[in-house]
Amino acid sequence: MARSLLAFEPILKQRAWGGDRLTAFGKRVPAGQRIGESWEVADLPGADNPECSVVAEGPDAGRSLRSLIEEDPTSILGRAEPGPDGGFPLLIKLLDARENLSVQLHPSAEYAANHEDSFLKTEAWVVLEADPGSRAYVGLDPGLDREGFDRAIESGAFMGVMTEHSLEPGDCLFLESGLCHALGAGTVVAEVQTPSDTTFRVWDWNRNDPERVLHLEQARESIRLGEAQRTDWPVMTRRADARGTESGGVRRRRLVECDRFLIEQLDSGGDPGACSEFTFPGNGMPHVFLCSSGEGTVVDPDGNVMRFYPGRTIVMPAALQEVTFRMRVLDNARWSLLHAMPPDPLSSVRAG
């Protein structure tokens, strides 16, 4: 029974577009390997141990997240609706895009309902680092129809029909399942998503890599075109435009609120050099915290302490009534935490 904070061993994934920038976020990137993803909290449908997070420290060290949920789902999930087969309802990653990611999309609700091995994948990217000129590509020209979609692929100039967004640290991109998108080179992002790894690759920058096949037929069945690309939450939320409140020296900014998850950024507010101590109530729901800058600790009611540093992800199980944070500056950078949680079925303030 998990009644203490949980931190997991990262699951590192080699990707053709990956690099070594996740070393700055506490990951042990093997020499010569292109690590594109670090799965921080993972419990995929039907997953075995390689795709399910394992507790790194504390009384439950060595146990999988799935085994803890199976033993006592209420203690981990509380009121939260579980994932597609009873697992944790969020997948949390760090991505290092040394090169451009493929243009891709994820299954529509109709496609997922008709294919038992496919699952909805709605996600959001929160930009942690962005080189000058970095871009993301989300959505297609609203006048594009299916014939135009096919012509753009055949011409090898697919980027001409995509909507381009410049990127700066703190920006957030919201990507509903079925929406065509690609992350550009020179970025590190935190990704919050539903627990799915079903991806349909549409275009791959003319790489012509036989190991990176395209999934055009599946994409045609799921893609959003024209007005269907409208989302209930904006695709782009700029750091400066995110709605926020400040109390006790802690600023909270809402980055995404949809029917799949909520994402906030917590930081030191008006005083970037401030140290902060504050409590966070559990309210019967699981919460995930990812440190994007600064450092500190989080303490549960039994006195168990875990340390935060850039890249560190910690889960607060629903059984914990509250935890206490003590956060401070590191390397002249204000402390900042991303907070993610699944939708609360008791909440009356829900988008989507």
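Structural data are supplied above this passage.
These numbers come from a predicted model, not from an experiment.

K.L.:
Can you lay out the overall build of the protein for me, pointing to particular residues and giving the numbers?
P.N.:
On a plain count of helices and strands, the protein comes out with five helices and 23 strands. Radius of gyration (C-alpha) of the protein: 20 Å, near the 20 Å computed for a compact globule of 352 residues. Seen through its principal axes, the protein has C-alpha atoms that stretch 60 × 45 × 45 Å. Burial statistics for the protein: of 352 residues in total, 57% are counted as buried. Contacts in the protein between residues far apart in sequence, at least 24 positions, make up 74% of those at least 6 positions apart.

K.L.:
An account of the pairing of strand S9 (residues 172–175) is needed here, citing residue identities and associated values.
P.N.:
Burial along S9 is two-sided: Cys172 and Phe174 and Leu173 and Leu175, pointing in opposite directions, are all buried. As defined by bridge partners, strand S6 (residues 123–130) adjoins S9 across four bridges and the pair is classed as antiparallel. Residue pairing in the sheet places alanine 124 in a bridge with phenylalanine 174 of S9. Bridging between S9 and strand S13 (residues 236–237) involves two bridges; their strand directions are antiparallel. Within S13, the residue paired with leucine 173 across the bridge is methionine 236.

K.L.:
A description of the sheet that holds strand S14 (residues 243–247) should follow, citing residues and the corresponding values.
P.N.:
Ordered by their spatial adjacency, seven strands build an open sheet running S1-S21-S18-S23-S16-S15-S14, and the pairing between neighbours is antiparallel. Here the strands that pair on one side only, and so sit at the sheet edges, are strand S1 (6–7) and S14. Summarising the sheet, strand S16 (residues 262–267) and strand S23 (residues 336–341) pair through six bridges and their orientation is antiparallel. Bridge pairing in S23 places glutamate 264 opposite histidine 339.

K.L.:
So what's going on with the environment of serine 222? Residues and values would help.
P.N.:
Inspection of the secondary structure assignment puts serine 222 in helix H5 (residues 216–222). Excluding residues that lie within four positions of it along the chain, serine 222 makes contacts with Leu105, His106, Pro107, Ser108, Tyr111, Gly178 and Phe200.

K.L.:
Can you lay out empty space enclosed by the protein for me, pointing to particular residues and giving the numbers?
P.N.:
Going through the model one piece at a time under the given rule, you end up with one cavity of 30 Å³ or more. By volume, the largest cavity is sized at about 50 Å³. As for the largest cavity, its lining consists of Ile92, Val192, Ile263, Val288, Leu290, Leu338, His339 and Ala340. For the lining of the largest cavity, the secondary-structure elements that each account for two or more residues are strand S18 (287–293) and S23. Ranked by residues supplied to the lining of the largest cavity, first place goes to S23 with three residues. A breakdown of the residues in the lining of the largest cavity according to their chemical character gives seven nonpolar, one polar and no charged.

K.L.:
Summarise the nonpolar core; cite the residues concerned and give the values.
P.N.:
One finds Val41, Phe88, Val256, Phe261 and Ile263 to be the most contacted residues of the largest nonpolar core, which totals 38 residues. Core analysis: the next-biggest nonpolar cluster, separate from the first, contains 21 residues, Leu144, Ile153, Val161 and Leu225 among them.

Analysis parameters
Residues numbered from 1 in each chain as written. Predicted model: local features only at pLDDT ≥ 70, side-chain atom pairs only at ≥ 80, totals over all residues. Heavy atoms only, no water. Helix = DSSP H or I, 4+ residues; strand = E, 2+ residues; numbered from the N terminus. Rg over C-alpha atoms; globule rule 2.2 N^0.38 Å. Buried < 20%, exposed > 50% of the residue type's maximum accessible area, 1.4 Å probe, protein only. Contact = heavy atoms within 4.5 Å. Pairing = 2+ DSSP bridges. 1 Å grid on protein atoms, 1.4 Å probe; cavity = no way out; pocket = protein on both sides within 12 Å on 5 of 7 lines; lining within 4 Å. Points joined across faces, edges and corners; volume = space filled by probe spheres on them. Nonpolar A, V, L, I, M, F, W, Y, C, P; charged D, E, K, R; others polar. Core = buried A, V, L, I, M, F, W, Y, C linked by side-chain atoms within 4.5 Å.

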